[in-house]
Amino acid sequence: MGVSGCGKSSLGAELARELALPLIEGDDFHSPESVSKMRAGIALTDADRAGWLATLGRELASHPEGAVLTCSALKRDYRDRLRAAVPGLRFVFLALTREESERRVASRAGAHMFPASLVANQFATLESPVGESGVLEVDATALRAELVAQTRAWLAGPAPLS
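Residue indices begin from 1 for each chain and proceed along its sequence in written order. pLDDT decides what is reported in this predicted model: residues at 70 or higher carry local features, side-chain atom pairs at 80 or more are listed and counted, and totals for whole chains, interfaces and linings draw on all residues regardless. Side-chain measures here rest on the full set of heavy atoms in the structure, leaving out hydrogens and waters.

## Topic: helix H3 (residues 46-61)
Residue pairs three or four apart in sequence face the same way in an α-helix, which turns once every 3.6 residues. For clarity, the cut-off: Each helix corresponds to a stretch of at least 4 residues labelled H or I by DSSP, and each strand to a stretch of at least 2 residues labelled E; elements are numbered beginning at the N terminus. What a helix should span is 1.5 Å times the count of its residues minus one. Accessibility here uses a 1.4 Å probe with only protein chains present; expressed as a share of the type maximum, an area under 20% marks a residue as buried, one over 50% as exposed, and anything in between as partly exposed.
With 16 residues, H3 should reach 22 Å at 1.5 Å per residue; the first-to-last C-alpha distance of 22 Å fits that figure. All buried positions along H3 are accounted for by Arg-49, Trp-52, Leu-53, Leu-56, Gly-57 and Leu-60.

## Focus on the packing of aromatic side chains
Convention followed: Two aromatic rings from Phe, Tyr or Trp, using only the six-membered ring of Trp, form a pair when their centres are within 6.5 Å; if the ring planes differ by under 30 degrees the pair is stacked, by over 60 it is edge-to-face, and anything between is tilted. We call a charge positioned over a ring when the NZ of a Lys or the CZ of an Arg lies within 6 Å of the ring centre and within 35 degrees of the ring normal.
Applying the stated criterion across every chain yields a total of 0 aromatic pairs. Positioned over the ring face of Trp-154 is Arg-90, at 5.2 Å from the centre of the ring.

## Here we look at helix H2 (residues 32-39)
Threshold: The arc in question is traced by the directions running from the helix axis to the C-beta atoms. Whether two residues are in contact is decided by their heavy atoms, any of which lying within 4.5 Å being enough.
Of the positions making up H2, those classed as buried are Ser-34, Val-35 and Met-38. For H2, the buried positions fall inside an angular range of 100° around the axis, keeping them on one side. In this structure, H2 carries Pro-32, Glu-33 and Arg-39 as exposed residues pointing more than 90 degrees from its buried face. Elements that come into contact with the buried residues of H2 comprise H3. Looking one or two places after H2, you find Gly-41, whose phi comes out positive at around 80°.

## Notes on the state of the cysteines
As a reminder of what qualifies: Any cysteine sulfur atom paired with another within 2.5 Å is treated as part of a disulfide.
With the rule as written, the count across this model stands at 0 disulfides. Between Cys-6, a cysteine without a disulfide, and Cys-71, which holds the nearest cysteine sulfur, the sulfur-to-sulfur distance is 11 Å. Here Cys-6 falls in the buried class, since its relative accessible area comes to 2%. Classification of Cys-71 by relative accessible area gives buried; the value is 4%.

This is how it looks when you write it as structure tokens:
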């Protein structure tokens with residue numbers, strides 16, 4: 001989880017491969033209306049995200065053996081909705097500065113539905129998950145191999161108390 005450009009898709013794909021789990025790419029489940037809004041530089045609202053989060057919760061729950069989900073999960077309420085669908089769900093928070101997020105998102109202009117103009121809104125919306133049960137914070141600028149190793153070691157440890 002984290003803001004746009006933090007590397008959710010890259011890390012998620014690598015973790016899914018390493019852990020032999022299905023990958024649920026959260027962006028693939030946005031409604032056509034939400035995709036159009038983002039492409040037009042219009043930030044999504046809680047109402048826009050409600051159905052998307054419900055769908056992601058159902059997708060996660062449909063994989064009782066586990067799955068890797070890439071999802072911004074910017075607010076505590078969003079994370080709690082996903083936790084309600086899958087008790088014990090854990091989050092890896094890819095922490096990134098606004099400047100680095102803007103740089104990364106601008107570098108993929110045209111190749112992704114999310115424009116750099118919306119990065120500021122993501123940071124305004126973000127409620128840090130640090131301190132919540134079942135959350136690992138990592139530095140999104142670290143090498144992917146390091147992030148994978150750090151996440152795998154954390155996942156192998158005891159499950160957090162909810």
